[in-house]
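Read off the chains here:
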Amino acid sequence: MDLKQKIEKHLLEVQKPSRYIGGEVGSVIKDKSKVDVRFAFCFPDTYDIGMSHLGMKILYSLTNARENYWCERCFAPSEDFEAIMRENDIPLYALESLDPIRDFDFVGFTLQYELSYANILNMLDLAGIPIFAKDRTPELRQIVMAGGPCVCNPEPLADFFDLFVLGEGEEVNLELIDLYHRMKQEGATRLEFLRAAAQIEGVYVPQFYHFVYKEDGTIDRLDVDEGIPTTVRKRIIRDYDKVYYPDNFVVPFTEIVHDRVSVEVLRGCIRGCRFCQAGFIYRPFREKTADTIFAQTKALCENTGYDEVSLASLSTSDHYDIDNMLTKLIDYTAGERINLSLPSLRVDNFSESLLNKIKKVRKSGLTFAAEGGTQRLRDVINKNVSEEEIMNTCRIAFEGGYSSVKLYFMMGLPTETDEDIVGIAELAQRIVDLFYSIEDRPRGKGVQVSVSCATFVPKPFTPFEFEPQDTREMVEHKQKLLLGSTKSKKIKISYHDPNVSMLEVILAKGDRRLCPAIYAAWRKGCKFDSWEEYFKPDLWLEAFADCGIDPSFYANRRFEYDEILPWDHLDYLVDKAFLVRENKTAHESKTTPNCRQRCSGCGVNKKVGRECFAKSKSNV
Amino acid sequence: MQRVRATFEKKGRAKYISHLDLNRCMLRTFRRSRIPIWYTEGFNPHPYYSFALALSLGFESSCEILDFNITDDEMPMEAIRDALNAVMPEGMRIVKVAEQKQKITAIAKAEYAFSLVTDDSAGLYAAVQTLLTQPEILIEKKTKKGIKTVDIKPDTEVLTCADTGSSVDITMYLPAGTQTNYNPTLFIEALRQTTDLPFEVRDIRRTAILCADNTVFE
């Protein structure tokens with residue numbers, strides 16, 4: 001029985017079977033016999049989540065644009081189908097050809113979130129690929145690689161991967177596949193290929209790097225094999241306006257999380273919020289022109305048939321030509337009956353005619369990421385949102401008929417005191433009071449202020465990379481304090497599970513000694529850790545204990561400025577000296593202006609060899 | 001405005017598209033084709049189209065019916081068909097576009113074909129014959145009001161039943177439409193209750209949608 005028959009025999013026994021069989025509009029089918037290199041793009045979560053990922057859409061189309069390379073998709077099966085796969089010897093397969101991914105040249109994962117790490121091990125196991133890189137064939141095939149934001153500290157996964165790609169993949173992925181194609185024809189071995197790949201800028205091959213630790217557990221030094229670069233610099237696209245962007249997406253049958261056209265409008269962020277990893281690892285700030293954004297939107301809508309578009313970026317409002325860009329887009333989408341969604345848009349300085357147009361298409365609720373409860377704390381984290389702005393926007397919204405507001409905060413931020421926690425409740429209360437002070441407020445229903453509190457997770461390559469995370473006791477105290485300080489029934493408080501944030505920080509700031517612990521956790525049954533119903537924190541703690549890992553060494557210890565960090569050999573263009581400077585400035589409760597106002601000297605412009613901004617527009 | 005009726009196939013991997021997903025899939029297909037489909041009026045205009053019958057997940061079909069309206073009175077039927085086929089998903093193809101001759105309520109039955117794969121096809125064939133000679137075939141059916149027991153015997157018309165040596169292949173008519181809908185799985189369920197012989201159901205297909213007089217619904 002061939003694999004397709006085996007799959008189909010059981011497909012009707014599982015939830016949403018169309019996730020496991022491919023055949024969607026926009027998926028790329030090629031003739032195997034005419035393909036030289038096969039790439040399985042693996043997303044370590046289910047189809048519904050993974051299919052929403054924009055990076056996969058870009059790299060999928062980009063690779064498939066080359067006639068002799070074939071990139072296919074692969075996702076983690078849900079529990080019901082995984083059981084069937086294991087019972088019936090169905091190896092993990094790619095959705096286009098339905099061929100097992102263990103027979104592919106590349107098996108590439110995207111690391112979007114620390115809590116998906118156990119899924120990677122589970123997928124390799126389901127695929128029948130040795131989980132540890134050292135156990136894989138000496139032949140040149142089955143190269144297991146990863147890219148994505150979490151690759152900025154890949155050490156906790158170093159033992160499982162042959163190589164990591166740092167930074168933006170549009171160029172380096174093809175360089176890597178080209179190299180593989182050439183060396184495969186020459187009959188090279190896996191090791192020969194990896195040595196050559198390590199010479200490509202942006203490619204990190206962990207097996208050539210060896211950490212030596214001090215008695216106290218911190219890093220003493222990093223030994224690098226001869227002929228291998230001592231630091232690896234991330235890749236960036238220099239001409240971002242011209243970079244490849246797909247003109248078609250795979251259109252799923254089943255509903256996915258972000259089921260719409262997504263158009264990337266800018267990369268990087270000028271804001272410099274000190275907790276935000278994306279704000280630092282995606283530098284420099286680059287923008288597409290309004291014409292490019294419009295053309296890409298139109299092509300994607302026409303080719304996919306979607307009737308919804310969303311703009312993707314860290315902060316769309318910071319686009320240099322936002323007025324013109326939105327005017328163009330709204331004129332098109334309104335005429336085509338397409339719904340344009342504009343997430344987290346600051347509307348403060350738009351022209352009146354544009355504001356009126358936006359009002360027509362905007363249906364989403366009102367959301368503020370205030371992050372900190374007091375102005376002092378917001379200054380510490382460099383989140384330049386003032387209470388005045390929040391109040392003004394709320395007033396306009398309430399007068400316009402809105403009656404609910406969502407506020408996002410973090411708990412456990414550096415320098416945070418009880419006063420800052422009480423400040424969250426007070427801010428929410430002032431919004432409730434504001435609502436009732438407005439004459440023409442919406443009648444008939446009361447106001448609803450939803451406060452969502454996450455636990456702060458310090459991340460590599462941010463000014464807070466040195467910071468410890470609050471212990472569980474501290475978090476629980478603060479949660480109680482917040483609940484006790486909230487008086488009004490109009491305010492709804494919700495939390496994230498502090499256990500999730502603790503695992504997140506350990507995996508984010510961990511080193512190579514965590515590899516056996518991740519393996520042990522997976523063996524104990526951990527997977528889908530980002531899904532509340534699957535998350536088993538006790539098993540993780542057991543795994544850490546079994547492997548002699550003290551979680552607090554990573555989670556609750558302050559990393560020293562002069563300490564060698566597990567990610568110091570990776571160069572994300574932002575200088576460590578800048579991060580130290582920003583950390584000190586944070587502790588003085590001082591803000592740093594955004595990049596458009598004044599360069600704060602993060603070092604990116606020097607390494608890229610050009611200024612980030614020419615007058616007001618970025619050097620696209 | 002032209003009121004048109006498309007007949008389409010749903011085969012291969014497309015059989016795993018659920019009815020709900022098919023709805024969304026057709027909306028996007030219409031948009032990709034850029035044919036001038038008529039939108040409803042009112043607060044939230046949306047393209048108007050409807051499927052005559054729902055098809056169970058996992059069934060193939062050569063005869064699904066999709067009704068919609070076209071604002072361009074001059075657009076030839078072949079042009080509509082070709083524009084849609086150019087952008088249909090794998091496994092789905094419009095075989096015919098024509099005017100709507102009959103009302104949806106004229107649908108009375110549908111023809112199904114399927115294979116029951118077994119090691120003992122002679123035994124299973126005999127079991128099917130035994131089931132068919134029973135005075136009634138009682139089976140529990142899920143309805144909106146809960147589970148009720150129905151006798152499907154009077155409405156089950158077996159057209160062919162063949163022992164192929166490795167399977168028993170059956171074609172039958174079952175009631176379909178706005179009044180009563182029987183799914184061939186009801187018959188298969190009844191068979192499982194009368195025989196211990198293991199068998200696997202393969203390739204359930206809907207092959208025709210018919211009026212009460214057995215003529216093809218158009």
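The rules behind each value
Residues numbered from 1 in each chain as written. Chains lettered and ligands numbered in written order. Predicted model: local features only at pLDDT ≥ 70, side-chain atom pairs only at ≥ 80, totals over all residues. Helix = DSSP H or I, 4+ residues; strand = E, 2+ residues; numbered from the N terminus. Rg over C-alpha atoms; globule rule 2.2 N^0.38 Å. Buried ≥ 20, exposed ≤ 12 C-beta atoms within 10 Å, placed from the backbone. Contact = placed C-beta atoms within 7 Å. Axes fitted to C-alpha atoms, helices over the stretch in contact; angles between N-to-C directions. Parallel < 35°, antiparallel > 145°, perpendicular 65-115°, else oblique. Left-handed = near helix turned anticlockwise from the far one by under 90°. Nonpolar A, V, L, I, M, F, W, Y, C, P; charged D, E, K, R; others polar. Pairing = 2+ DSSP bridges. Core = buried A, V, L, I, M, F, W, Y, C linked by C-beta atoms within 7 Å. pLDDT = per-residue confidence, 0-100. Expected span 1.5 Å × (residues − 1). Arc of directions from axis to C-beta. Right-handed = clockwise from strand over helix to strand, strands pointing away.

## Section: the overall build of chain A
Next, step 1: A tally of regular secondary structure across chain A gives 21 helices and 21 strands.
Next, step 2: For 620 residues, the compact-globule formula gives about 25 Å, and the C-alpha radius of gyration of chain A, at 25 Å, lands near that figure.
Next, step 3: If one aligns the C-alpha atoms of chain A with their principal axes, the spans along those axes are about 75 × 65 × 55 Å.
Next, step 4: With 620 residues in all, chain A has 45% of them scored as buried.

## Focus: the overall build of chain B
Next, step 1: When helices and strands are tallied, chain B shows four helices and ten strands.
Next, step 2: Overall, chain B is about 55 × 35 × 30 Å in size when its C-alpha atoms are taken along their principal axes.
Next, step 3: Within the span of chain B, comprising 218 residues, buried residues form 30% of the whole.
Next, step 4: Looking at chain B alone, contacts between residues at least 24 apart form 73% of all its contacts between residues at least 6 apart.

## Focus: the packing of helix α14 (residues 418–437) of chain A against helix α15 (residues 472–485) of chain A
A pair of packed helices can be characterised by two numbers: the angle between their axes and the separation between those axes.
Residue and element names in this part refer to chain A.
Next, step 1: Packing of α14 against α15 leaves a shortest axis separation of 8 Å and a crossing angle of 40 degrees. Classified by the angle their axes make, α14 and α15 are oblique. Crossing geometry of α14 relative to α15 is assigned as right-handed. Between α14 and α15, the residues in contact are D418, I421, V422, I424 and A425 and K478, L481, L482 and S485, respectively.
Next, step 2: A class-by-class count of the residues in the contact of α14 with α15 yields six nonpolar, one polar and two charged.

## So, the interface of chain A and chain B
Interfaces are often sized by the amount of accessible area the parts lose when they come together.
Next, step 1: Between chain A and chain B, the residue contacts involve 18 residues of the former and 16 residues of the latter.
Next, step 2: The residue makeup of the side of chain A that touches chain B, split by class, is eight nonpolar, seven polar and three charged.

## Details of the sheet that holds strand β13 (residues 308–312) of chain A
All names here are of chain A.
Next, step 1: An order of β10-β13-β14 is seen for the three strands of this open sheet, with the pairing classed as parallel. Among the strands making up the open sheet, the edge pair consists of β10 (261–264) and β14 (339–341). Taking each pair of neighbouring strands and ignoring which way they run, the sheet shows an average axis angle of 25 degrees.
Next, step 2: Summarising the sheet, β10 and β13 pair through four bridges and their orientation is parallel. The residue of β13 that forms the bridge with S262 is S310.

## Comments concerning the nonpolar core
Nonpolar side chains tend to gather and get buried jointly when the protein is soluble and globular.
Next, step 1: Membership of the largest hydrophobic core comes to 181 residues, with the highest contact counts inside it found for A:A40, A:F161, A:L163 and A:V203.
Next, step 2: Top contributing element to this core by residue count: helix α5 (residues 117–127) of chain A, with eight residues.
Next, step 3: Within the second largest apolar cluster, 28 residues are counted, among which are B:L116, B:A127, B:I152 and B:F217.

## Quick look at the confidence of the model for chain B
Next, step 1: When the pLDDT values of chain B are averaged, the result is 94; 100% of them are 70 or greater.
Next, step 2: Scoring the predicted complex yields pTM 0.95 and, for the interface, ipTM 0.91.

## Description of the environment of B:D67
All names here are of chain B.
Next, step 1: With respect to the secondary-structure elements, D67 resides in strand β3 (residues 60–70).
Next, step 2: Sequence separation of D67 and R5 is 62 residues, and the distance between their C-alpha atoms is 4.5 Å.
Next, step 3: In contact with D67, not counting residues within four places along its chain, are R5, Y49, S50, A52 and Q100.

## Description of helix α20 (residues 576–587) of chain A
What sets the pattern is the α-helix's 3.6 residues per turn: residues three or four places apart point alike.
Residue and element names in this part refer to chain A.
Next, step 1: Helix length check: α20, at twelve residues, gives a terminal C-alpha distance of 17 Å against a target of 16 Å (1.5 Å per residue), a fit within 8%.
Next, step 2: Within α20, burial applies to L579, E582 and A586. One side of α20 carries all its buried residues, which in axial view fall inside an arc of 60 degrees. With respect to the buried face of α20, the exposed residues turned more than 90 degrees away are A577 and K584.
Next, step 3: Buried-residue contacts for α20 involve α12 (375–380).
Next, step 4: Following α20 by one or two positions, S589 has its phi on the positive side, about 55 degrees.

## Some remarks on unusual backbone geometry
Residue and element names in this part refer to chain A.
Next, step 1: R283 connects to P284 through a cis peptide bond whose omega is 0 degrees.
Next, step 2: Mapped onto the elements, P284 comes out in the loop between α8 (278–281) and β12 (286–287).
Next, step 3: Even without being glycine, F461 reaches a positive phi, approximately 65 degrees.
Next, step 4: Note that F461 resides in the loop between β17 (448–455) and α15.
Next, step 5: Taking the C-beta count within 10 Å as the criterion, F461 has 23 such neighbours and is therefore assigned buried.

## A word on the packing of helix α13 (residues 387–399) of chain A against α14(A)
Residue and element names in this part refer to chain A.
Next, step 1: Relative orientation of the contacting elements α13 and α14 amounts to 35 degrees, with a least axis distance of 10 Å. Along this stretch, α13 crosses α14, giving a crossing that reads as right-handed. Contacts between α13 and α14 involve E387, M391, C394, R395 and F398 on the former and, on the latter, L427, I431, L434 and F435.
Next, step 2: Class assignment for the residues of the contact of α13 with α14 results in seven nonpolar, no polar and two charged.

## Describing the sheet that holds strand β5 (residues 163–165) of chain A
All names here are of chain A.
Next, step 1: In spatial order, the strands read β2-β1-β3-β4-β5-β6; together these six strands make up an open sheet with mixed pairing. Of all strands in the sheet, those bounded by a partner on one side alone are β2 (69–75) and β6 (203–204).
Next, step 2: Bridge count between strand β1 (residues 37–43) and β2: seven bridges; the pairing is parallel. In the sheet register, V37 faces β2, and the bridge partner there is Y69.

## Quick word on helix α3 (residues 54–64) of chain A
Next, step 1: Every buried residue of α3(A) is accounted for by A:M56, A:K57, A:I58, A:L59, A:Y60, A:L62 and A:T63.
Next, step 2: In this structure, the buried side of α3(A) is in contact with β1, α2 (47–50), β2, β3 (106–110) and α6 (169–185) of chain A.

## Details of the environment of A:K607
Next, step 1: Considering the arrangement of structural elements, one finds A:K607 in helix α21 (residues 604–608).
Next, step 2: In this structure the C-alpha to C-alpha distance between A:K607 and A:Y572, which are 35 residues apart in sequence, comes to 10.0 Å.

## Re the pairing of strand β4 (residues 143–147) of chain A
Residue and element names in this part refer to chain A.
Next, step 1: With five of five residues buried, β4 is to be regarded as a mostly interior element.
Next, step 2: Neither face of β4 is exposed, since I143, M145 and G147 on one face and V144 and A146 on the opposite face are all buried.
Next, step 3: Inspection of the sheet shows β3 paired to β4 by five bridges, in the parallel sense. Paired with V107 across the strands is V144, a residue of β4.
Next, step 4: After leaving β3, the chain enters α5 and then returns to the sheet as β4, a path that is right-handed.
Next, step 5: Note that β4 and β5 share two bridges and pair parallel. Its bridge partner lying in β5, A146 is registered against F164.

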